[in-house]
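Examining the three-dimensional arrangement
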Amino acid sequence: MTGAAAAVHIYYADRRAVADAAVEALVTADDRKRVTATMHARRSAEYLAGRALLRHALACHTGRNAASFRIETSRDGKPFCADGPALSVSHSGDLLVCAVAESGAVGV
């Protein structure tokens, strides 16, 4: 293998341990728009907690304000940061994980 490998930073949380106030402080109005009235309450909570973790990870990684990132969704439903580093987020039940890399693609 040649060259230096890009650093990947991993962030994780148990959704049950994430305070509602922390989620409210981190998610944006755009994040909330994706939550629909027909979405099951558990799925809505998972999505918002995932977005909060994602924004927290981006802020920690870059030093920017968590709300300053423009997170969009690809055609296949994967989030990406239009104005920041590569990222990936996943969840399994109440466990959330996020990866952030300065360059290249990343997945969890």
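One can find the structure itself at the top, above this paragraph.
Note that this is a predicted model, so its numbers are computed, not measured.

Quick notes on the overall build of the protein chain
Looking only at helices and strands, the protein chain has three helices and five strands in total. Along its sequence from the N terminus, the protein chain presents helices and strands in the succession β-α-α-α-β-β-β-β. Over its C-alpha trace the protein chain gives a radius of gyration of 14 Å, about what one expects of a compact globule, namely 13 Å for 108 residues. Judged by the C-alpha coordinates and their principal axes, the protein chain covers about 50 × 30 × 25 Å. Among the 108 residues that make up the protein chain, the fraction classed as buried is 35%. Within the protein chain, contacts between residues separated by at least 24 positions form 53% of all contacts whose residues are at least 6 apart in sequence. Carbon and sulfur atoms form 54% of the exposed surface of the protein chain, whose accessible area is close to 6,500 Å². Side-chain charges in the protein chain split into 13 positive and 11 negative, and the spacing between the mean points of these groups amounts to 3 Å.

Digging into helix α3 (residues 41-62)
For an α-helix, the turn length of 3.6 residues means that residues three or four places apart are oriented alike. Here α3 is 22 residues long and its end C-alpha atoms lie 32 Å apart, about the 32 Å a rise of 1.5 Å per residue gives. Positive backbone phi, at 85 degrees, marks Gly63, one or two positions downstream of α3.

So, the sheet that holds strand β1 (residues 8-14)
The strand order across the open sheet formed by three strands is β1-β5-β4, and the pairing between neighbours is antiparallel. The open sheet has two edge strands with one neighbour each: β1 and β4 (86-92). The sheet shows a mean angle of 15 degrees between the axes of neighbouring strands, direction not considered. As judged from the seven bridges shared by β1 and strand β5 (residues 95-101), these two strands associate in the antiparallel manner. Paired with Asp14 across the two strands is Leu95, which belongs to β5. Relative to the sheet, α3 contacts β1, β4 and β5, its axis offset from that of β5 by approximately 30 degrees.

About the criteria used
- Residues numbered from 1 in each chain as written.
- Predicted model: local features only at pLDDT ≥ 70, side-chain atom pairs only at ≥ 80, totals over all residues.
- Heavy atoms only, no water.
- Helix = DSSP H or I, 4+ residues; strand = E, 2+ residues; numbered from the N terminus.
- Rg over C-alpha atoms; globule rule 2.2 N^0.38 Å.
- Buried < 20%, exposed > 50% of the residue type's maximum accessible area, 1.4 Å probe, protein only.
- Contact = heavy atoms within 4.5 Å.
- Areas by Shrake-Rupley, 256 points an atom, 1.4 Å probe, with all protein chains shown as cover.
- Lys, Arg positive; Asp, Glu negative; His and termini not counted.
- Charge placed at Lys NZ, Arg CZ, Asp CG, Glu CD.
- Expected span 1.5 Å × (residues − 1).
- Pairing = 2+ DSSP bridges.
- Axes fitted to C-alpha atoms, helices over the stretch in contact; angles between N-to-C directions.

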